[in-house]
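Architecture and fold: a report
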Amino acid sequence: MAVSQEDFPARKRRPALEAFVSPNFSNQKLLQSLFLLSQEISSLQPLRILLRKSSASIIRKSRMISVLFEELVRSPPQNVVVNASSFNFEFFSSIDDGIIDASGYFPARELNLNEDVEELLDLIKKQCSQNAAESGDTNDENLRIDVLKMLEDIKREIVPDNSKLSEIFERLNLSDSTSCSSEIENLEDEIQNQNDDKSKADVIALIGLVRYAKCVLYGASTPRITTRRQKSASEVSFPADFRCPISLDLMRDPVVVSTGQTYDRPSISAWVESGHATCPKTGQPLSHTQLIPNLALKNLIAMWCRDQRIPFESTEDSVKPNGVVLNKTALEAIKMTVTFLVNKLTASQTSEVNNRLVHELRVLAKTDSDSRTCIAEAGALPLLVKFLGSDNPSLQINAVTTILNLSILEANKTRIMETDGVLNGVIEVLRSGATWEAKGNAAATVFSLTGVHAYRKRLGKKTRVVKALLDLARSGPTNSKRDAMMAILNLAGDREGVGKLIEGGVVEVIGEIMDSMVEEAVAVLEVVVKRGGMVAISAVYHGSIVKKLTNVLRDGSDRARESAAATLVIICRKGGSEMVAELAAITGIERVVWEMMGMGTGRARRKATTLLRILRRWAAGLIGEHFSNQHSTTVNMNSTRIVLPA
């Protein structure tokens, strides 16, 4: 897999000793590895939640050890064998014993160390001996016991006593909302450093405790002033190896098929379920249909998304097949936090207090499916409705974005559609929201809801929704336009919805944004033409649409070229000889089509082949014969565009 260094973030995982030390290393290589290891440990920040003092002590000792290894690297010892097993770096209390044991084998006299380094070595031995003689830091140990007991109580659904909770967090030096928020971010990074499920579950439980304490002890935090929510994958350029060959989207759940190729699970599952028995990329027969998770690639994508501040949620369930929750402590902490916030919202509060409370729900709804379920089940949706029409722009943004985050969960789509006032509130924000961000997030909510076919038909019939989306696509800023166009693309998946869109002027909007948002414009154009919009296209563009699409074939992105080729095939078939003549008259069109046949995506190559066949038949005077009406089908599933070739 070829991922360039600049595409991928700096490593955040802590290296194991085995990553640096090999029994086959030469003395010099071993010393260099130990020096790098000690430097990497020295660069870490002490843990804050548990064993803070112990971790700080180890980092301090590592800094001293790195000086010793640096001296040895600069002046490598001659005829002295360095035994890798002597340097047993184990974290926390055992590291002192490990260093003492290693120093017993350390050939200090034979190395002819200078006086300063010898003093440093003696200091390291002395400090480790003192720490080893102690039974451990009593305060740290007591704090660890208290935190673990509180987590166990939460697991048993016992709400923590506020005075005890306050005492523990004072000892943790988490004394305000800001420090708690910072600690939550640190712990989220820490999850990537854990190699086993139990350790990850423990860290997730700690995050739940800190988030609960933050809300209960220090109140909801003041929302940060931002001009936009987190980026979506469509707004950034991501490494080609992270792109699903079928959907061309960022993979969320990469899996490997029998041919060794990797696809996103929803895309390849839809491919197999539609009756295909070959690999989409290679065309080879699939010896079996078992999908093997590509965990290594999934971890790389997750880390890249985190570095780019793109939401990334695993498709893995948080519940085992037998119904047992994998992390009950974290789940109960979420429930307690949500209950506290919803109860506060129920009481009469000032606009500023409500804004902070809704912002906390917004942040929580962004984290995972369990949080989204808990928020909806706690009755937050009816409370959020009244804030959609708020005069406070920040409160309106937080309210509609919370609903957007909740809508990611399939079950919550039904709740949003059926809870009195929620859908109408979102539509009003889309039409007349106080800010572009609020309108864009309302459009994104419509896009999420239209992932369900029944809701797509229902929303597509609403003139208010269609007009508001088209207005946003026409006059909004780029990000808001993109949200609107994605919602329009889903609505166009229904033939009746296409009729409403054409009445509202979708064809004119496509022409207005074709130059600035090529991918979105051509994707919508393809669906509109396929669903019966050929007459409207011809009336507006009078043949110039063929030239526009040919320009996309030459210079567009892979996805844009694919949609443009598919659209041209449909236009030629439905528009007859006049449209084919327009295409054939364009200089160099056959060369462009040939290039696509060799370099485009799988679907683009097939469409290019069809275009070339049409052009050849036109040149031979056979264009009047019957064209095949077999078209490729575009399916929207769970907000992911999946292309199923004919």
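Residues numbered from 1 in each chain as written. Predicted model: local features only at pLDDT ≥ 70, side-chain atom pairs only at ≥ 80, totals over all residues. Heavy atoms only, no water.

Going by the annotation in an unreviewed UniProt entry, the name recorded for the chain is RING-type E3 ubiquitin transferase, with Rehmannia glutinosa given as the source organism. Quoted verbatim from the Pathway (unreviewed entry) field of UniProt, the annotation for the chain is "Protein modification; protein ubiquitination." (UniProt positions renumbered as here; feature names shortened; annotations may be inferred.)

Attention now goes to the pattern of salt bridges. Enumeration over the complete set of coordinates arrives at 29 salt bridges. For the salt bridge of E595 with R591, the shortest nitrogen-to-oxygen distance reads 3.1 Å. Residue E595 and its partner R591 are located together in helix α30 (residues 589–599), separated by 4 residues, close to a single helical turn. (Salt bridge = Lys/Arg side-chain N within 4 Å of Asp/Glu carboxyl O. Helix = DSSP H or I, 4+ residues; strand = E, 2+ residues; numbered from the N terminus.)

A separate point is the packing of helix α12 (residues 328–346) against helix α13 (residues 351–365). Relative orientation of the contacting elements α12 and α13 amounts to 150 degrees, with a least axis distance of 10 Å. The orientation of α12 with respect to α13, classified from their angle, is roughly antiparallel. Taken as a pair, α12 and α13 cross one another with a handedness that is left-handed. Residues T337, V338, L341, K344 and L345 of α12 pack against N354, L357, V358, E360, L361 and L364 of α13. Here the contact of α12 with α13 is built from residues that sort into 7 nonpolar, 2 polar and 2 charged. (Axes fitted to C-alpha atoms, helices over the stretch in contact; angles between N-to-C directions. Parallel < 35°, antiparallel > 145°, perpendicular 65-115°, else oblique. Left-handed = near helix turned anticlockwise from the far one by under 90°. Contact = heavy atoms within 4.5 Å. Nonpolar A, V, L, I, M, F, W, Y, C, P; charged D, E, K, R; others polar.)

Attention shifts here to the side chain of S390. Within the secondary structure, S390 is located in the loop between α15 (380–388) and α16 (393–407). Excluding anything up to four places from it in sequence, S390 contacts L395 and Q396.

This paragraph deals with the nonpolar core. Of all hydrophobic cores here, the largest spans 104 residues; its most connected members are L469, I488, V506, I545 and L553. Setting aside anything within four residues of it in sequence, one finds V506 in contact with L470, I488, L501, V524 and V528. (Core = buried A, V, L, I, M, F, W, Y, C linked by side-chain atoms within 4.5 Å. Buried < 20%, exposed > 50% of the residue type's maximum accessible area, 1.4 Å probe, protein only.)

The interhelical angle for the contact between helix α21 (residues 463–475) and helix α23 (residues 495–504), taken along N-to-C directions, is 55 degrees, at an axis separation of 10 Å. It follows that α21 is oblique to α23 by the angle criterion. Here α21 and α23 pass one another in a crossing that is right-handed. Note on element contacts: α23 touches α21 through K500, L501 and G504, opposite T463, V466 and L470.

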